Structures are given as C-alpha cells and as structure tokens.
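Residue strings, one per chain:
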Amino acid sequence: MLQTMEAETIDMSAVLMQAYDMGDMINSSAEVADYLYWKNAVENSAEVKELKAVFARKKDAFEECERFGHYHPSYHEALAAVNDIQDKLHSVEAVRKFKEAEDRLDDLLFTVSTTIAHAVSESIKVPSNNPLPTGKGCSSGGSCSGNCG
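A short tour of the structure in this document, coming up. No experiment lies behind these values; they were computed from the predicted model shown.

What counts, and where the lines are drawn
- Residues numbered from 1 in each chain as written.
- Predicted model: local features only at pLDDT ≥ 70, side-chain atom pairs only at ≥ 80, totals over all residues.
- Heavy atoms only, no water.
- Phe/Tyr/Trp six-rings, centres within 6.5 Å; stacked < 30°, edge-to-face > 60°.
- Buried < 20%, exposed > 50% of the residue type's maximum accessible area, 1.4 Å probe, protein only.
- Helix = DSSP H or I, 4+ residues; strand = E, 2+ residues; numbered from the N terminus.
- Expected span 1.5 Å × (residues − 1).
- Contact = heavy atoms within 4.5 Å.
- Polar contact = N/O pair within 3.5 Å; in protein donor to acceptor, adjacent residues only side chain to side chain.
- Core = buried A, V, L, I, M, F, W, Y, C linked by side-chain atoms within 4.5 Å.

### Regarding the packing of aromatic side chains
Alright, step 1. Applying the stated rule across the entire model yields three aromatic pairs.
Alright, step 2. Taken together, a centroid distance of 4.9 Å and an interplanar angle of 90° make the contact between Y37 and W38 edge-to-face.
Alright, step 3. For Y37, a relative accessible area of 52% puts it in the exposed group.
Alright, step 4. Aromatic side chains F62 and Y75 sit 5.3 Å apart centroid to centroid with 50° between the ring planes, which places their arrangement in the tilted category. Highlighted residues: F62 in helix α3 (residues 46-66) and Y75 in helix α4 (residues 75-91), separated in sequence by 13 residues. Like Y75, F62 is buried.

In structure tokens:
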C-alpha cells in the first residue's frame, strides 16, 4: 500500500511539474505577448478611456429606458446611441487588435485544454468561449451518440 501511495505522489508531482512547464511555455508564447501588448495599448489609450466613459453614460441611459422596454419613448434612440458608441470603440485600432489577440489566445488555451482532456478520454467535455460550438454531441447540434449523461 505504501509503495502505491509513493508512486501516485511521484506521478502527481511529475504531472504538476509538467503543468507548470506548460504554463511557462504558454506565458512565453507569441499569443500571450501580443495579447499583453494590445491590452496595455488599450489601457493607456486616452481615446479608449474617453470612449469608455461615453459608453458607460450611454449604457446607463439605455438601462434606464430598458426598464420600461420598447414602450419607453427614448428606447430606440438610447439603443442606437449605445450601438453607435460601441461601434466607435471597436473601430479604434488598439481595441480591434486587442480583441483579435484575445481570440488567438483563447484558441490556444482551448486547443491545449482539448488536447489534455482528449488524452484522458474522447468523451470529456471541454468548456469553450465559443457561443457556437463546433463539436459533435447532443448540445452542440452535431450527431448524438446516445452516450450523453
């Protein structure tokens, strides 16, 4: 029994060390560097700060109208104002590049998670930030194997 516990401990420590190594590799990847660069650019942009402040005000005004729904006389105008300022915010190069870098990093992390999970079992579900999953199964719109749950 003691030998089995020692073997599990040694194996677990090796797994943890490899996980830390993988984390270090991910942290030193081009995807993370690009993400951090554009995140910093967004955080230090005066234009983005100004647009975020305007967006927050427009969003608050819309939320006030939204309490009454489509029946509020200013509902559609407030919604249009929010969408307009959001479009302006997304048209800023730093924001656009940040979102692209964020998506590439998310794809990298999802690929790593999927690879690890499927090394254990093909039936393990891997969470994704994609609102339109591409996998097969009962909840993704793919063919159902009948082995769910």
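### With respect to α3
Alright, step 1. The end-to-end C-alpha distance of α3 is 30 Å, a good match for the 30 Å that 21 residues give at a rise of 1.5 Å each.
Alright, step 2. As for α3, its buried residues are in contact with α2 (30-43), α4 and α5 (93-120).
Alright, step 3. The N-capping residue of α3, defined by a side-chain oxygen 3.4 Å from the backbone nitrogen of E47, is S45.

### Remarks on the nonpolar core
Alright, step 1. Membership of the largest hydrophobic core comes to 17 residues, with the highest contact counts inside it found for V42, V48, V92 and V95.
Alright, step 2. Counting only elements with at least two residues in this core, the list comes to α2, α3, α4 and α5.
Alright, step 3. Among the elements that take part in this core, α5 stands out by supplying six residues, more than any other.
Alright, step 4. In this structure, F62, C65, Y75 and V82 belong to the second largest nonpolar core, which totals five residues.

Function cannot be read off these values alone, since they describe shape.
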